[in-house]
Amino acid sequence: MALLEVEGVNVVYEPTRGQRIWSVRDVDLVLEQGEFVGLVGESGCGKSTLGFALTRMLRPPARLEKGVIRFDGVDVSTLKGEELRRQRRNGFAIVLQSGMNALNPVRNVEHHFGDILKAHAHGGEHYPGATVRRRGAELLDKVGLDASVLSRFPHELSGGMRQRVSIALALALEPRMIIFDEPTTALDVIVQKAVIQTIKDLQRENGFSAILISHDLGVVLEATDRVMVMYAGRVVEDQPSKDLVSGPHHPYTEALLRCYADPRADEIHLGGIPGTPPDLSLPQAGCSFTPRCPLVQDICRTLDPPMSPLGHGSAACHVRAPSAAVAEEGVNPVH
Ligand SMILES: Nc1ncnc2c1ncn2[C@@H]1O[C@H](COP(=O)(O)OP(=O)(O)OP(=O)(O)O)[C@@H](O)[C@H]1O
Ligand SMILES: [Mg+2]
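This section reports on the structure supplied with the text. (Residues numbered from 1 in each chain as written. Chains lettered and ligands numbered in written order. Predicted model: local features only at pLDDT ≥ 70, side-chain atom pairs only at ≥ 80, totals over all residues. Heavy atoms only, no water.)

**Thoughts on the sheet that holds strand 9 (residues 226–231)**
An order of 6-7-8-3-9-10-12-11 is seen for the 8 strands of this open sheet, with the pairing classed as mixed. The two strands at the open ends of the sheet, each matched to only one other strand, are strand 6 (92–95) and strand 11 (308–310). Taking each pair of neighbouring strands and ignoring which way they run, the sheet shows an average axis angle of 25°. Most of the contacts of helix 6 (residues 159–171) go to strand 6, to which it runs at about 170°, and overall it touches strand 6 and strand 7 (177–181). (Pairing = 2+ DSSP bridges. Helix = DSSP H or I, 4+ residues; strand = E, 2+ residues; numbered from the N terminus. Axes fitted to C-alpha atoms, helices over the stretch in contact; angles between N-to-C directions. Contact = heavy atoms within 4.5 Å.)

Below, the structure written as structure tokens:
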């Protein structure tokens, strides 16, 4: 059984009365035990929102409109209170997009460890200061930080150190799945590489399943086994990382790959993606990539393609991965 099975998840933001933003649409995904998967896509395509939905961190005005999120066989999408806390313990955790915002500026690092351990302590279990310090030091060691960091406040740490502290905090409950939301975006390239390497090492040693969210395809390709590509709230391609580089299926993935410079290549030609992503507050007719797509066909304007199996993965594209039902009718080129 897969660790995480997600079916038909929709998340909508309702910031004001009558306004709706469909940020995550019809997402299905599977995460196996010990698998390390990347989630990429342009800013605003719904990556963080999906990460929040999967770890039950959505807060108003966001709402899980529909869908099933099965973690270890249990539908966690409707759990509340103590039941949800029980699933979180040894269950799932998220490392937030900005390490600085995730930490309380007026509390030292030890305090953060104390809060997590106490909030999720089994009934009656005590966490005296000495225990928190010992466990905190152990966890900091795992992410390459010295125990002296325990007494420091967030503003006394570098960006890379703060991100490592956030990762150590996520490890505190020994989760079986961790979602890393842009863990290295604000960091310089050298620190970024070191933090990603730490995540990879931890994942291999501890065997948790992980989703690495990033808008940087290069980072994701180097770190993960499989990549999911998101566009306008939908997952549009899902392939093993090595297949995605050598043979992307969705035209959006092709465009993303052209934006990514492989430093090992002899010549580097960088291309942008013409056009802009759609307004997610408007209902989408057909495939959302249509206005930017070089392969567009008539059917793309009216029917949103479902994810269909292709190669070692799947893609949502009428042209590249015609679904069985649509293939029977044929695809008519636009003249
Ligand atoms: N608090 C909010 N209120 C209203 N709409 C929101 C809110 N947060 C996000 N959205 C909408 O949801 C969409 C998805 O946002 P999300 O933060 O999930 O994108 P993302 O892919 O993580 O982007 P980034 O790469 O910039 O972090 C955005 O386009 C935005 O319009
Ligand atoms: Mg985000």
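**Details of the packing of helix 4 (residues 109–119) against helix 5 (residues 129–142)**
At a closest axis distance of 9 Å, the pairing of helix 4 and helix 5 adopts a crossing angle of 105°. By the angle class used here, helix 4 and helix 5 are roughly perpendicular. Touching E110, F113, G114 and L117 of helix 4 are G129, V132, R133, R135, G136, L139 and L140, all from helix 5. Considered class by class, the residues forming the contact of helix 4 with helix 5 number 5 nonpolar, 3 polar and 3 charged. (Parallel < 35°, antiparallel > 145°, perpendicular 65-115°, else oblique. Nonpolar A, V, L, I, M, F, W, Y, C, P; charged D, E, K, R; others polar.)

**Section: empty space enclosed by the protein**
According to the stated counting rule, one finds 2 cavities of 30 Å³ or more in the structure shown. Taken as a whole, the largest cavity encloses approximately 80 Å³ of empty space. Taken together, 14 residues make up the lining of the largest cavity; nearest its centre are P251, C287, C293, C300 and C317. Its residues assigned to classes, the lining of the largest cavity comprises 11 nonpolar, 3 polar and no charged. The calculated volume of the second largest cavity comes to roughly 60 Å³. (1 Å grid on protein atoms, 1.4 Å probe; cavity = no way out; pocket = protein on both sides within 12 Å on 5 of 7 lines; lining within 4 Å. Points joined across faces, edges and corners; volume = space filled by probe spheres on them.)

**Observations regarding the site of ligand 1**
Of all residues adjacent to ligand 1, which total 15 residues, the nearest are S23, S43, G44, K47 and T49. Between ligand 1 and S43 there is a distance of 2.5 Å, counted from an oxygen atom to a side-chain nitrogen or oxygen. Notes on ligand 1: free accessible area 640 Å², of which the protein chains cover 68%. Among the elements of the structure, strand 2 (21–31) and helix 1 (47–54) are those that each provide at least two residues to the shell around ligand 1. The dominant element in the shell around ligand 1, judged by the number of residues it contributes, is helix 1, at 3 residues. Partitioning the shell around ligand 1 into residue classes produces 5 nonpolar, 7 polar and 3 charged. (Near = heavy atom within 4 Å. Polar contact = N/O pair within 3.5 Å; in protein donor to acceptor, adjacent residues only side chain to side chain. Areas by Shrake-Rupley, 256 points an atom, 1.4 Å probe, with all protein chains shown as cover.)

**Structural notes on the pattern of salt bridges**
Under the counting rule described, the total for this entry stands at 20 salt bridges. Between R133 and E110 there is a salt bridge whose closest N-O contact spans 3.1 Å. Of this pair, R133 sits in helix 5 while E110 sits in helix 4, placing them 23 residues apart in sequence. Judged by its relative accessible area of 42%, R133 falls in the partly exposed class. A salt bridge links D304 to R234; the nearest nitrogen and oxygen atoms lie 3.1 Å apart. Of this pair, D304 sits in the loop between helix 10 (251–258) and strand 11 while R234 sits in strand 10 (residues 234–240), placing them 70 residues apart in sequence. Owing to a relative accessible area of 27%, D304 belongs among the partly exposed residues under this scheme. Among the residues examined, R234 registers a relative accessible area of 9% and is labelled buried. Salt bridges sharing common partners tie together E14, R20, R63 and E65. (Salt bridge = Lys/Arg side-chain N within 4 Å of Asp/Glu carboxyl O. Buried < 20%, exposed > 50% of the residue type's maximum accessible area, 1.4 Å probe, protein only.)

**Considerations on the sheet that holds strand 2**
Through backbone hydrogen bonds, the strands of a sheet pair up, either in parallel or in antiparallel fashion. Reading across from one edge, 2-1-4-5 is the order of the 4 strands in this open sheet, with antiparallel pairing throughout. Two strands lie at the open edges of the sheet, namely strand 2 and strand 5 (74–75), each paired on one side alone. Inspection of the sheet shows strand 1 (residues 4–13) paired to strand 4 (residues 62–71) by 8 bridges, in the antiparallel sense. Across the sheet, V6 pairs through a bridge with I69, a residue of strand 4. Strands in contact with helix 1 are strand 1, strand 2 and strand 4; relative to strand 2, the strand with the most contacts, it is inclined by about 60°.

**Quick word on the pairing of strand 7**
Extensive coverage of strand 7 is indicated by the burial of 5 of its 5 residues. Note: strand 6 against strand 7, 4 bridges, orientation parallel. Pairing of F92 across the sheet is with M177, part of strand 7. Note: strand 7 against strand 8 (residues 209–214), 5 bridges, orientation parallel. Its bridge partner lying in strand 8, I179 is registered against I211. One crossover worth recording links strand 7 to the parallel strand 8 by way of helix 7 (residues 189–206), and it is right-handed. (Right-handed = clockwise from strand over helix to strand, strands pointing away.)

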